[in-house]
Amino acid sequence: MNQLPPPLSPAGRTRVLSEGRRLVYFGGCDYFRMASNPATLKAAAQAARLHGLSIGASRMTTGNSPLLVELERELAAFFKVPQALVTPTGSTANACLAEGLAGEFTHVFLDERAHASLQDAVIRMDCRVIRFAHRDPRDLERRQARLVESHRILLITDGVFPLDGAIAPLAAYRKVLRRAAWMWVDDCHGAGTVGETGTGTTELEGIPAARLVRTLTLSKAFGTYGGVILASKAIVGRVVRESRTFATGTPPPAPCAAAALEALRLLRTDPTIRQRLAATVLRVKSALTAAGYRLEPSPAPIVSIVPKTPGKRQELERNLLAEGIHPSFIRYPGGPPQGLFRFALSSEHSPAQVTALIRALTTTGKEEGTDGTPSPTDE
Ligand SMILES: Cc1ncc(COP(=O)(O)O)c(C=O)c1O
């Protein structure tokens, strides 16, 4: 793709204006619509008045705002870890952590379909990188067997894979990995959305806190902007001391930090927000599975469909537009070259909007006189 897609303007919390049409929006990753919650907006506006729009310096020089320190304290409490470190973005959280861990490990095992920012981050780690088959603990085990006991191992994976919502089999990895091996989970899409208390895929998979580090973004479940590293005090200390990306980058603007604090408070104090999302995910995935789609069995709020032919793509697009839904067809690094429909469900979509999405996806084929079966996902 050599051109940017057409711009989209928000039109209310669940709709966008696209080329003159007001359409229901299932794109993006604002899973709780925190980006437009009145309470987060109020917090951001207050912070803008008090702190301005840009902190204007790296945290290692003069840019260490008290809002960031407070946000880190709240993030550490929410995610039940010793320390959180806020970085400019989720991608830079990966870069900063890799720079902080450089030299600590002799071998990294990386899921072959890990997020592009992880693929780039590991280059900074000064160790051998071994890619293993996507979500395959047996392949990991085979590859690990070739290493000797003295090798220091780190497994790196997405917690939720952003393109299809699949969850990494973290519990199976932990079983296979040597006791001394570490695990790094990029939980940009799992944080806030999955696990009993919303702390992500490590909670869902029952992964103990020992030898675990995580990276997150504030731009999805928390609706603002910025990245986060969750780790021990010692590892965060290493990142602060060693990472050039951390030392030279401007942190998220104060209004974003204030909005993230408010989003965390909302998620912690109002369990109905996450319950609404979970109910919508269950409803959509059950309906699509019953209609013949082969979806990833995952509680993540992501549904994706890879049309097998350009004709199928057009047909789905027509059905979605007929239901007043923006056809969120995307191309993304690591995804299928022909692109895919990716739908992000949110706690704020109404039951009628969800019904319309299900209808648009399940009438495909029948109306067009094809084989009468919906477009399956392309495995
Ligand atoms: C798995 C994963 N890691 C990292 C990122 C990057 O986060 P950010 O947009 O905050 O840089 C994303 C963003 O989509 C992601 O999906």
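### Points about the sheet that holds strand β12 (residues 329-330)
In step 1: Ordered by their spatial adjacency, three strands build an open sheet running β11-β13-β12, and the pairing between neighbours is antiparallel. In this open sheet, the two edge strands, each paired with only one partner strand, are β11 (302-305) and β12.
In step 2: Strand direction decides the pairing type here: β12 and strand β13 (residues 340-344), joined by two bridges, are antiparallel. From the neighbouring strand, F329 faces β13, where its bridge partner is F341.

### Here we look at helix α2 (residues 66-79)
In step 1: Compared with an ideal rise of 1.5 Å per residue, which puts 14 residues at 20 Å, α2 spans 20 Å between its outermost C-alpha atoms and is within 8% of the ideal.
In step 2: Each element contacted by the buried residues of α2 is listed here: α1 (38-51), β4 (83-87), β10 (227-231) and α10 (254-269).
In step 3: Positive phi shows up at K80, right after α2, with a value of about 55°.

### Some remarks on the packing of helix α11 (residues 271-290) against helix α13 (residues 351-362)
Any two packed helices are characterised by the angle at which their axes cross and by the distance between the axes.
In step 1: Two elements in contact, α11 and α13, have axes whose closest approach is 10 Å; the angle formed by their N-to-C orientations is 20°. Put simply, α11 runs roughly parallel to α13. Considering the relative orientation of α11 and α13, their crossing is right-handed. Side by side, α11 and α13 meet where T280, R283, V284, A287 and L288 of the first sit next to V354, L357, I358, L361 and T362 of the second.
In step 2: For the contact of α11 with α13, the class distribution of residues is seven nonpolar, two polar and one charged.

### Digging into the site of the ligand
In step 1: The full set close to the ligand counts 13 residues, and T89, G90, S91, H115 and T217 are the nearest of them.
In step 2: Here the shell around the ligand is composed, by residue class, of two nonpolar, nine polar and two charged.

### Digging into unusual backbone geometry
In step 1: The phi torsion at D126 lies on the positive side, around 60°, for a residue other than glycine.
In step 2: Tracing the sequence through the fold places D126 in the loop between α4 (116-121) and β6 (128-132).
In step 3: Given 14 C-beta atoms within a 10 Å radius, D126 is considered partly exposed.
In step 4: Not every positive phi belongs to a glycine, and R135 is a case in point at roughly 55°.

### Remarks on α11
In step 1: Counted at 1.5 Å a residue, the expected span for α11 with its 20 residues is 28 Å, and the 28 Å between its end C-alpha atoms agrees.
In step 2: Taken residue by residue, α11 has I273, R274, L277, T280, V281, V284, K285 and L288 as its buried positions. Viewed along the axis of α11, the buried residues span an arc of 125°, placing them on a single side of the element. In α11, the exposed positions that point more than 90 degrees away from the buried face belong to P271, T272, Q275, L282, S286 and A290.

### Some thoughts on the confidence of the model for the chain
In step 1: The pLDDT averaged across the chain works out to 94; a share of 95% of its residues lies at or above 70.
In step 2: Note that pLDDT drops below 50 for residues 366-379; the model gives that stretch 34 contacts with residues more than four away or on any other chain.

### Describing the packing of α2 against α10
In step 1: Interaxial distance between α2 and α10 falls to 9 Å at its minimum, and their mutual angle equals 25°. Taken as axis vectors, α2 and α10 run roughly parallel relative to one another. The handedness of the crossing between α2 and α10 is left-handed. From α2, L67, L68, E70, L71, E74, L75 and F78 reach across to α10, where they touch A254, A257, A258, A260, L261, L264 and R268.
In step 2: Its residues placed into classes, the contact of α2 with α10 shows 11 nonpolar, no polar and three charged.

### Focus: the sheet that holds strand β8 (residues 182-186)
In step 1: Spatial ordering of the open sheet is given by β4-β10-β9-β8-β7-β5-β6, a layout of seven strands whose pairing is mixed. The sheet is open, and its two borders are formed by β4 and β6, each paired with just one other strand. Averaged over all neighbouring strand pairs, the angle between strand axes comes to 20°, with direction disregarded.
In step 2: Here four bridges tie strand β5 (residues 107-111) to strand β7 (residues 153-158), and the two strands are oriented parallel to one another. Bridging across to β7, L110 finds its partner in I156.
In step 3: Against the sheet, α2 engages β4 and β10, with an angle of about 130° to β4.

Scoring rules and cut-offs
Residues numbered from 1 in each chain as written. Predicted model: local features only at pLDDT ≥ 70, side-chain atom pairs only at ≥ 80, totals over all residues. Pairing = 2+ DSSP bridges. Helix = DSSP H or I, 4+ residues; strand = E, 2+ residues; numbered from the N terminus. Expected span 1.5 Å × (residues − 1). Contact = placed C-beta atoms within 7 Å. Axes fitted to C-alpha atoms, helices over the stretch in contact; angles between N-to-C directions. Parallel < 35°, antiparallel > 145°, perpendicular 65-115°, else oblique. Left-handed = near helix turned anticlockwise from the far one by under 90°. Nonpolar A, V, L, I, M, F, W, Y, C, P; charged D, E, K, R; others polar. Near = placed C-beta within 6 Å. Buried ≥ 20, exposed ≤ 12 C-beta atoms within 10 Å, placed from the backbone. Arc of directions from axis to C-beta. pLDDT = per-residue confidence, 0-100.

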